[in-house]
Amino acid sequence: MARTKTYRAPAPPRGWRALPWRLPIWLYRLGLGGLLGRRFLLLEHLGRKTRRRRQTVLEVIRYDPKGPVFYVASGFGRRSHWFRNIQAHPQVTVQVGRTRYRAVARVLSPDRAAQVLMAYAQAHPGTFRALARLLRMPVPRTPEDFRRLAEALPVVAFEAQSPDQAG
């Protein structure tokens, strides 16, 4: 009998270990967010407790130009601060390149999230394997593996309004 793969999101980095994850924010602050193209977005959201403005850069795993809608996976699972914050305050601002949008964050169902993750893995197999290694997770192979992965790493859709409505 085949062993079931276990997917558990790693703990978010703290202290100096968080520095590499925070560095891309400075590209946006310096007006160089366009260098990251549509592969990354700057998320501005409110802290769930403090209601203070927070920022993080996230990898876009799927882009739907209708809307537009940007899909991201929470690489550190449901414990990520940004993930917990957008659940409390789903009205956010996303910046992709130099374009800012007001958006609404919506957590996908595990089935829909698995589809998005599977499509990303097929479109970017090398990057997907590298991310799995970085997160110390087994590479999913079957639809059921992707569903279990989606439960550990939820996927969020940022449904953007037109850029001229951004604040």
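Residues numbered from 1 in each chain as written. Predicted model: local features only at pLDDT ≥ 70, side-chain atom pairs only at ≥ 80, totals over all residues. Heavy atoms only, no water.

Caption draft 1: The overall build of the protein chain, seen in detail. Per the secondary structure count, the protein chain includes five helices and seven strands. Along the protein chain, helices (α) and strands (β) appear in the sequence α-β-β-β-β-α-β-β-α-α-α-β when read from the amino end. Intrachain contacts of the protein chain at a sequence separation of at least 6 include 68% that bridge at least 24 residues. For the protein chain, the accessible surface area stands at approximately 9,800 Å², while carbon and sulfur atoms represent 53% of it. (Helix = DSSP H or I, 4+ residues; strand = E, 2+ residues; numbered from the N terminus. Contact = heavy atoms within 4.5 Å. Areas by Shrake-Rupley, 256 points an atom, 1.4 Å probe, with all protein chains shown as cover.)

Caption draft 2: Inspection of the packing of helix H3 (residues 110-123) against helix H5 (residues 143-152) at higher detail. For the pair H3 and H5, the least separation of the axes is 8 Å and the interaxial angle reads 110°. Taken together, the axes of H3 and H5 are roughly perpendicular relative to one another. Here H3 and H5 pass one another in a crossing that is right-handed. Residues Pro110, Asp111, Ala113, Ala114, Leu117, Met118 and Ala121 of H3 lie in contact with H5, whose contacting residues are Pro143, Phe146, Arg147, Leu149, Ala150 and Glu151. When its residues are assigned to classes, the contact of H3 with H5 shows 10 nonpolar, no polar and three charged. (Axes fitted to C-alpha atoms, helices over the stretch in contact; angles between N-to-C directions. Parallel < 35°, antiparallel > 145°, perpendicular 65-115°, else oblique. Left-handed = near helix turned anticlockwise from the far one by under 90°. Nonpolar A, V, L, I, M, F, W, Y, C, P; charged D, E, K, R; others polar.)

Caption draft 3: Spatial organisation of H3. Here H3 contains 14 residues, and its C-alpha end-to-end distance of 20 Å stays within 8% of the 20 Å for a straight helix at 1.5 Å per residue. Its buried side turned inward, H3 meets strand S2 (53-59), strand S3 (62-64), strand S4 (69-73), helix H4 (125-134), H5 and strand S7 (155-160). (Expected span 1.5 Å × (residues − 1).)

Caption draft 4: Summary view of the nonpolar core. Counting residues in each nonpolar core, the largest one holds 23 residues, and the members touching the most others are Tyr71 and Val155. Listing elements by their share of this core, those giving two or more residues are S4, H3, H4, H5 and S7. With six residues, H3 is the single largest residue contributor to this core. Leaving out residues up to four positions away in the same chain, Val155 has contacts with Ile61, Tyr71, Val72, Ala73, Arg106, Val107, Leu108, Ala113, Val116 and Leu117. In terms of nonpolar packing, the next biggest core, distinct from the first, is built from 18 residues, Leu43, Phe70, Phe83 and Phe158 among them. (Core = buried A, V, L, I, M, F, W, Y, C linked by side-chain atoms within 4.5 Å. Buried < 20%, exposed > 50% of the residue type's maximum accessible area, 1.4 Å probe, protein only.)

Caption draft 5: The arrangement of the environment of Val156 in detail. Inspection of the secondary structure assignment puts Val156 in strand S7. A C-alpha to C-alpha distance of 8.1 Å links Val156 and Ala113, two positions 43 residues apart in sequence.

Caption draft 6: Highlighting the sheet that holds strand S1 (residues 40-46). With antiparallel pairing, the seven strands of this open sheet are ordered in space as S2-S1-S5-S6-S7-S4-S3. Strand pairing shows two members of the sheet lacking a second neighbour, S2 and S3, which therefore form its edges. Sheet twist, expressed as the average angle between the axes of neighbouring strands with direction ignored, equals 30°. Of the pairings in the sheet, the one linking strand S6 (residues 99-107) to S7 comprises five bridges and is antiparallel in character. When the sheet's bridge partners are listed, Ala105 is paired in S7 with Phe158. Against the sheet, helix H2 (residues 81-88) makes contact with S1, S2, S4, strand S5 (91-96), S6 and S7, and its axis sits at roughly 55° relative to S1, the strand it touches most. (Pairing = 2+ DSSP bridges.)

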